[in-house]
Amino acid sequence: MATLSPPSSSASWPLPPSDSNPNPNFLSPSVAPNSPPSSSSSSSQTIDLPESEYNDDPVHTNPDPTRSAAPTLLHLSFNQDHGCFAAGTDHGFRIYNCDPFREIFRRDFASDDGGGGTGIGVVEMLFRCNILALVGGGPYPQYPPNKVMIWDDHQTRCIGELSFRSEVKSVRLRRDRIVAILLQKIFVYNFSDLKLLHQIETISNPKGLCEVSQLSGSMVLVCPGLLKGQIRVEHYNSKRTKFIMAHDSRIACFALTQDGRMLATSSSKGTLVRIFNTLDGTLLQEVRRGADRAEIYSLAFSSSAQWLAVSSDKGTVHVFGLKVDSGSLGSERSRTSSEPNLSVPPAVSSLSFMKGVLPRYFSSEWSVAQFRLHEGSQYIVAFGHQKNTVVILGMDGSFYRCQFDPLAGGEMTQLEYYNFLKPEDSFLHS
């Protein structure tokens, strides 16, 4: 059960002084949130969310000169529009811009005894504003791993917290909601006053799988159901719950379009990715990553839902062409859902004419484009803001920007590479 409380002035973690923001351009002072209530106020807090975006000029926190070793990455995630990404480390957290690539700012925390840094295991951005959700992680967590801390970087301190009886696996944010994911429960809160709105029970969910749509005025939440291979879809506007039996084996990964109408899922086998209509649970398309088992690390739709990117432990990022127009799925069963997108060349096996005779493998739809990476590291993927580009982030600190040919397909072209864990000079002036 969650408890709500404003951070006390006698908190055990070190809070930077509120007047020493090293990144004044992250949020213009003219649109900064109101000061949070004092520790003597009610546990129900009001958090004003700004609509402005930060300035892309790189402004850095002065790092501790005694720390020469690169930090250990604990967490990587893109923001909601894939224009930025956040890295949680055993020292604190960092925020980066994707295009152009640069570090925007960082927060390095110190332990109570002045020793090494303390860890952030989850960092969730809210688009490009100054509000973030943090969860402690690593061997020396900055915050208890059973708490979600609401961090206001304009004030350089936490302005609220959500406390639970067990470890927080992940967090999702919308402009109006905070979603905390635990091992077998999900809690949905109103962002403005931290009021609990909904509790959902799930099957064991150690990865903290959950996605929410981002269009204002409507909310779709997707999470594991109570059965192996089952997906639960919550349509909050229509107050409808839809269950989809997506796979026979356990769910390993899924992604949701911005409007919440299309869902891509993969299982622990990692050979197939299925795309569903979230309104009625219809299977719209099935694509094949490969023949061998693989652990799928991430799935991502392009902003237009024309493409789907997949990364796995096999060291290859795949891009698939989708045949469904997300905008056509407003009705329960779209007429155009079965019509191919003519701008996307279908990568179908040449033996597909024998579908029903040969095994399903030979009639599979394969990826249009691929990019080969080093096996052994975990990568997440998203589509870049430049046309036909993909951004790949690795837990080894790697940043790749690649471009694919939507017609010819084949191997992608690498446009950029950086290691974002190295000192700033290694990539800011390259």
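Because the structure is predicted, anything quoted here is derived from the model rather than measured.

1. Structural notes on the overall build of the chain
(1) Moving on: Within the chain, the secondary structure is distributed over one helix and 30 strands.
(2) Moving on: A burial count over the chain gives 55% of its 430 residues as buried.
(3) Moving on: Here the analysis covers contacts within the chain between residues at least 6 apart in sequence; of these, 49% occur between residues at least 24 apart.
(4) Moving on: Surface summary for the chain: the accessible area is close to 18,200 Å², and the carbon and sulfur share equals 49%.

2. Digging into the sheet that holds strand 14 (residues 211-212)
(1) Moving on: A sheet is described by the order of its strands in space; here four strands give the open sequence 14-15-16-17, paired in antiparallel fashion. With partners counted over all chains shown, the strands left at the sheet margins are strand 14 and strand 17 (240-245), one partner each.
(2) Moving on: Bridge analysis of strand 15 (residues 220-224) against strand 16 (residues 230-235) gives five bridges, and the strand direction is antiparallel. Paired with P224 across the bridge in strand 16 is I231.

3. A word on the side chain of S213
(1) Moving on: By the element assignment, S213 lies in the loop between strand 14 and strand 15.
(2) Moving on: A polar atom in the side chain of S213 sits 2.8 Å from the backbone nitrogen of V220.
(3) Moving on: Aside from chain neighbours lying at most four places away, what touches S213 is R174, S218, M219, V220, L256, T257, Q258, D259 and G260.

4. A closer look at the environment of Y417
(1) Moving on: For Y417, the position within the fold is in strand 30 (residues 413-419).
(2) Moving on: Judged by its relative accessible area of 40%, Y417 falls in the partly exposed class.
(3) Moving on: Along the primary structure Y417 and R401 are separated by 16 residues, whereas in three dimensions their C-alpha atoms are 6.7 Å apart.
(4) Moving on: Leave out the neighbours within four places in its chain, and Y417 touches S398, F399 and Y400.

5. Re the side chain of T265
(1) Moving on: Inspection of the secondary structure assignment puts T265 in strand 19 (residues 262-267).
(2) Moving on: One polar contact links T265 to H247, side chain to side chain, over a distance of 2.7 Å.
(3) Moving on: Setting aside its immediate chain neighbours within four residues, T265 contacts I231, A246, H247, C253, F254, L272, V273, R274, F276 and L299.

6. Observations concerning the packing of aromatic side chains
(1) Moving on: Across all of its chains, the model carries 21 aromatic pairs by this definition.
(2) Moving on: Look at F78 and F85: their rings are 6.5 Å apart centre to centre, the planes differ by 65°, and that puts the pair in the edge-to-face class. The burial state of F78 is the same as that of F85; both residues are buried.
(3) Moving on: Lying across the ring of F127, R175 places its NZ or CZ 4.1 Å from the centre.

7. Thoughts on the environment of E295
(1) Moving on: Within the secondary structure layout, E295 lies in the loop between strand 21 (283-288) and strand 22 (296-301).
(2) Moving on: The exposure class assigned to E295 is partly exposed, which follows from its relative accessible area of 34%.
(3) Moving on: Sequence separation between E295 and C253 is 42 residues, and the spatial gap between their C-alpha atoms is 9.0 Å.

8. Re the pattern of salt bridges
(1) Moving on: Under the definition given, this model contains 16 salt bridges.
(2) Moving on: Between R128 and D81 there is a salt bridge, with its nearest N and O atoms 3.9 Å apart. Of this pair, R128 sits in the loop between strand 6 (120-125) and strand 7 (131-136) while D81 sits in the loop between strand 2 (73-78) and strand 3 (84-89); the two residues are 47 residues apart in sequence, bridging distant segments of the chain.
(3) Moving on: Given the relative accessible area of 26%, D81 is considered partly exposed.
(4) Moving on: Overlapping salt bridges, with partners in common, bring together D99, R401 and E416 in one network.

9. A look at unusual backbone geometry
(1) Moving on: At the junction of D99 and P100, the peptide bond is cis and its omega measures out at 0° in the coordinates.
(2) Moving on: Mapped onto the secondary structure, P100 falls in the loop between strand 4 (92-98) and strand 5 (101-108).
(3) Moving on: We note that T156 has phi near 50°; this positive angle belongs to a residue other than glycine.
(4) Moving on: Inspection of the secondary structure puts T156 in the loop between strand 8 (147-152) and strand 9 (157-163).
(5) Moving on: When its relative accessible area of 0% is taken as the criterion, T156 is described as buried.

10. Observations regarding the state of the cysteines
(1) Moving on: Applying the stated rule across the entire model yields zero disulfides.
(2) Moving on: Residue C98 stays outside any disulfide, its sulfur separated by 6.3 Å from that of C84, the closest cysteine.
(3) Moving on: Relative accessible area serves as the criterion here: at 3%, C98 is assigned to the buried category.
(4) Moving on: Summary of cysteine pairing: C210 is not part of a disulfide, and the nearest cysteine sulfur, belonging to C223, is at 5.8 Å.

11. Quick word on the nonpolar core
(1) Moving on: Counting residues in each nonpolar core, the largest one holds 22 residues, and the members touching the most others are V148, F164, V171 and I178.
(2) Moving on: At the level of secondary structure, the elements contributing two or more residues to this core comprise strand 7, strand 8, strand 9, strand 10 (170-173), strand 11 (177-181) and strand 12 (185-190).
(3) Moving on: At three residues, strand 7 tops the list of elements feeding residues into this core.
(4) Moving on: Apart from the residues lying within four places of it in its own chain, the contact partners of V148 are A133, L134, V135, G160, E161, L162, F164, V168, V171 and A180.

12. Quick notes on the environment of T265
(1) Moving on: Exposure remark for T265: the relative accessible area of 0% places this residue in the buried category.
(2) Moving on: Along the backbone, T265 and E286 are 21 residues apart, and their C-alpha atoms lie at a distance of 9.7 Å.

13. Re a nonpolar patch on the surface
(1) Moving on: There is a patch of nonpolar side chains on the surface, built from L226, L227 and M245 and spanning about 310 Å² of accessible area.
(2) Moving on: With respect to the element layout, L226 can be found in the loop between strand 15 and strand 16.

14. With respect to the confidence of the model for the chain
(1) Moving on: Across the chain, the average pLDDT comes to 78, with 71% of residues at or above 70.
(2) Moving on: For the chain, per-element mean pLDDT is lowest for helix 1 (residues 425-428), which scores 45, and highest for strand 10, which scores 97.
(3) Moving on: Counting interchain partners and residues more than four positions distant, the pLDDT-below-50 stretch residues 1-67 has 149 contacts.

About the cut-offs
- Residues numbered from 1 in each chain as written.
- Predicted model: local features only at pLDDT ≥ 70, side-chain atom pairs only at ≥ 80, totals over all residues.
- Heavy atoms only, no water.
- Helix = DSSP H or I, 4+ residues; strand = E, 2+ residues; numbered from the N terminus.
- Buried < 20%, exposed > 50% of the residue type's maximum accessible area, 1.4 Å probe, protein only.
- Contact = heavy atoms within 4.5 Å.
- Areas by Shrake-Rupley, 256 points an atom, 1.4 Å probe, with all protein chains shown as cover.
- Pairing = 2+ DSSP bridges.
- Polar contact = N/O pair within 3.5 Å; in protein donor to acceptor, adjacent residues only side chain to side chain.
- Phe/Tyr/Trp six-rings, centres within 6.5 Å; stacked < 30°, edge-to-face > 60°.
- Lys NZ or Arg CZ within 6 Å of the ring centre and 35° of its normal.
- Salt bridge = Lys/Arg side-chain N within 4 Å of Asp/Glu carboxyl O.
- Disulfide = S-S within 2.5 Å.
- Core = buried A, V, L, I, M, F, W, Y, C linked by side-chain atoms within 4.5 Å.
- Patch = residues over 30% accessible without salt bridge, like charges linked within 9 Å, V, L, I, M, F, W, Y side chains within 5 Å.
- pLDDT = per-residue confidence, 0-100.

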